[in-house]
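Spelled out from the first residue to the last, the chains are:
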Amino acid sequence: MLVLLYHKILKNPSSDMWWRTFDMELCILKSFFKVVTLDEVLEYISLQKKPEKQTVAITFDDGYTDNYVYAYPLLKKHRLRATIFVASSRVIRKSYKRKTLEDYWKGKASLRELYTPLSMHRANLEFLTNGYSEDFLTEEELRSMLDVFDIGWHSKWHTKDFYKEEILDFYDGDNGHWSLPHAYGEGPSIGFPIFPMRGSLSVKAGKLRKEIREFVKSKEASFFERKDWKKVLKVELSNNFSQLLDFEDSKSRIVRIRQEIEESTKELKEITQKGIYYAAYPFGDYDQVLKDEVSKRFSSAFTTEKRRVKPRDDLYLLPRVSVPKDIWSFFAILLRFLKSS
């Protein structure tokens, strides 16, 4: 049994899955596999029985507009169900729906009129910078998809934080994860050090100390024109500061995890009027503390471990395989799965 993971379905061939490629993949899955819901996945695990036919489940993460505009009509067309794990803060709290592929098929809209999605990086950076992005679902769109999608938990804020005081690089205006505005607590300035990052709920979050931010901001613009400014700045920070990050304590972290789980679950329930039973760890990152808290509130939780589901799997460490954007890599995944079954 294989659980597939998608994120975005795009209008045009680009950095992620093209809607026509997704259409072909659904045709293949429908023809050669039994496509099941997560309820059925959990049933197979609980009964510890091997499915009679090669079996897959389809999941999406985050909650992008294109899931409604492109993925939803295609799943509906093929009469397949899926699960979407939603980061509740990203949902646009407005009641409107955008035109979809179904409108295009019926001649009610041209393909040009359909929403053109952003990349994942741009969409999430836009949200963290402005507190809003049109690239995410509205609450009405989310409700409209309930005939095809089950809704799962994927955190509230869906961010990463620093967890280790080891300088990997310095922000230069073009590098770093889109979570940097969250991790720094402000928009990143040129010269801010970049440290190892993981999903915020899976670590004791480390925040860049105020005196470090002030030290970097005090540098003249000419300093950053030097070819070796990163090397020089690293030495200066080492010579002038014994500590660069302030880490939260264990108790504060648990309070933060519980609050985020409770708030986001409540928000999703209010929007959908449905129970939220499944979870997916943001970015696939987890530790024992997060796993324990998630297991108190959900019936299962999914990682991004790339393998098939096994009958005796831990219900809170279930694997999923990310689907690449091209059809040939998709075939490779299926063949590898079939070979290992």
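Residues numbered from 1 in each chain as written. Predicted model: local features only at pLDDT ≥ 70, side-chain atom pairs only at ≥ 80, totals over all residues. Heavy atoms only, no water.

**So, the packing of helix α1 (residues 19-32) against helix α3 (residues 65-77)**
Where α1 meets α3, the closest approach of the two axes is 10 Å, and the angle between their N-to-C directions is 25°. As far as their axial angle goes, α3 and α1 are roughly parallel. Considering the relative orientation of α1 and α3, their crossing is right-handed. Between α1 and α3, the contacting residues are Trp 19, Phe 22, Asp 23 and Leu 26 on the first element and Tyr 70, Ala 71, Leu 74, Leu 75 and Lys 77 on the second. Looking at the contact of α1 with α3, its residues break down into seven nonpolar, no polar and two charged. (Axes fitted to C-alpha atoms, helices over the stretch in contact; angles between N-to-C directions. Helix = DSSP H or I, 4+ residues; strand = E, 2+ residues; numbered from the N terminus. Parallel < 35°, antiparallel > 145°, perpendicular 65-115°, else oblique. Left-handed = near helix turned anticlockwise from the far one by under 90°. Contact = heavy atoms within 4.5 Å. Nonpolar A, V, L, I, M, F, W, Y, C, P; charged D, E, K, R; others polar.)

**Here's the deal with the packing of aromatic side chains**
The final tally for this structure, using the stated rule, is 20 aromatic pairs. For the ring pair Phe 162 and Phe 195, a centre distance of 5.2 Å and an interplane angle of 70° mean the geometry is edge-to-face. Separated by 33 residues along the polypeptide, Phe 162 in strand β8 (residues 160-162) and Phe 195 in the loop between β10 (193-194) and β11 (197-199) bring together distant segments of the chain. Taken individually, Phe 162 and Phe 195 each receive the classification buried, so the pair is uniform in this respect. By way of ring pairs, the aromatic residues Tyr 6, Phe 22, Phe 60 and Phe 149 are connected into one cluster. Against the face of Tyr 115 rests Arg 98, its NZ or CZ located 5.5 Å from the ring centre. (Phe/Tyr/Trp six-rings, centres within 6.5 Å; stacked < 30°, edge-to-face > 60°. Buried < 20%, exposed > 50% of the residue type's maximum accessible area, 1.4 Å probe, protein only. Lys NZ or Arg CZ within 6 Å of the ring centre and 35° of its normal.)

**Let's talk about unusual backbone geometry**
The phi angle at Asp 62 is positive, at roughly 95°, despite the residue not being glycine. Checked against the element boundaries, Asp 62 lands in strand β5 (residues 55-62). The exposure class of Asp 62 is buried, given its relative accessible area of 3%. Phi at Gln 273 takes a positive value of approximately 60°, unusual for a residue other than glycine. Counting through the fold element by element, Gln 273 comes out in the loop between α10 (250-272) and β14 (278-280). Owing to a relative accessible area of 65%, Gln 273 belongs among the exposed residues under this scheme.

**Things to note about the side chain of Asp 16**
Note on placement: Asp 16 falls in the loop between β2 (9-10) and β3 (17-18). No salt bridge is formed by the buried Asp 16; the nearest opposite charge belongs to Lys 8, separated by 6.9 Å. Apart from the residues within four sequence positions on either side, Asp 16 is in contact with Lys 8, Leu 10, Met 120 and Lys 325. (Lys, Arg positive; Asp, Glu negative; His and termini not counted. Salt bridge = Lys/Arg side-chain N within 4 Å of Asp/Glu carboxyl O.)

**Thoughts on the nonpolar core**
Among the nonpolar cores identified, the biggest contains 65 residues, and Tyr 6, Phe 22, Leu 29, Phe 60, Leu 75, Phe 149 and Val 294 are the most heavily contacted of them. For this core, the leading source of residues is α3, giving seven residues. Those residues in contact with Phe 22 that sit more than four places away from it in its chain are Tyr 6, Ile 9, Met 17, Phe 60, Ala 71, Leu 74 and Leu 75. Counting 22 residues, the second-largest nonpolar core is a separate cluster that includes Leu 180, Val 216, Leu 233 and Leu 237. (Core = buried A, V, L, I, M, F, W, Y, C linked by side-chain atoms within 4.5 Å.)

**Examining helix α11 (residues 288-295)**
Leu 290, Lys 291, Glu 293 and Val 294 are the residues of α11 that are buried. Seen end-on, α11 carries its buried residues on one side only, within an arc spanning 165°. (Arc of directions from axis to C-beta.)

**Details of the environment of Arg 253**
Take Arg 253: it is sitting in helix α10. The sequence separation of Arg 253 and Ile 327 amounts to 74 residues, and the corresponding C-alpha distance is 41 Å. Apart from residues lying up to four places away in sequence, Arg 253 is in contact with Leu 201, Ser 202, Val 203, Lys 204, Glu 248, Asp 287, Val 289 and Leu 290. At a separation of 2.8 Å, a polar atom in the side chain of Arg 253 contacts the main-chain carbonyl oxygen of Leu 201. (Polar contact = N/O pair within 3.5 Å; in protein donor to acceptor, adjacent residues only side chain to side chain.)

**Examining the pairing of strand β6 (residues 82-86)**
Counted residue by residue, β6 has five buried out of five residues, so it is predominantly covered. Side chains Ala 82, Ile 84 and Val 86 of β6 all project onto a buried face; the interleaved residues Thr 83 and Phe 85 project onto the opposite face, where all are buried too. Alignment of β5 against β6, held across four bridges, turns out to be parallel. Opposite Thr 59, over in β6, you have Thr 83 as the bridge partner. The β-α-β motif built from β5, the intervening α3 and the parallel element β6 has right-handed crossover chirality. Direction of pairing for β6 relative to strand β7 (residues 149-153): parallel, over a ladder of five bridges. Its bridge partner being in β7, Phe 85 is matched across the sheet by Gly 152. (Pairing = 2+ DSSP bridges. Right-handed = clockwise from strand over helix to strand, strands pointing away.)

**Quick word on the pattern of salt bridges**
Applying the stated rule across the entire model yields 32 salt bridges. Two residues, Glu 102 and Lys 106, come together in a salt bridge whose shortest N-O distance is 3.2 Å. Note that Glu 305 and Arg 307 form a salt bridge whose closest N and O atoms lie 2.9 Å from each other. We classify Arg 307 as partly exposed; its relative accessible area is 22%.

Any functional reading would require information that these geometric values do not contain.
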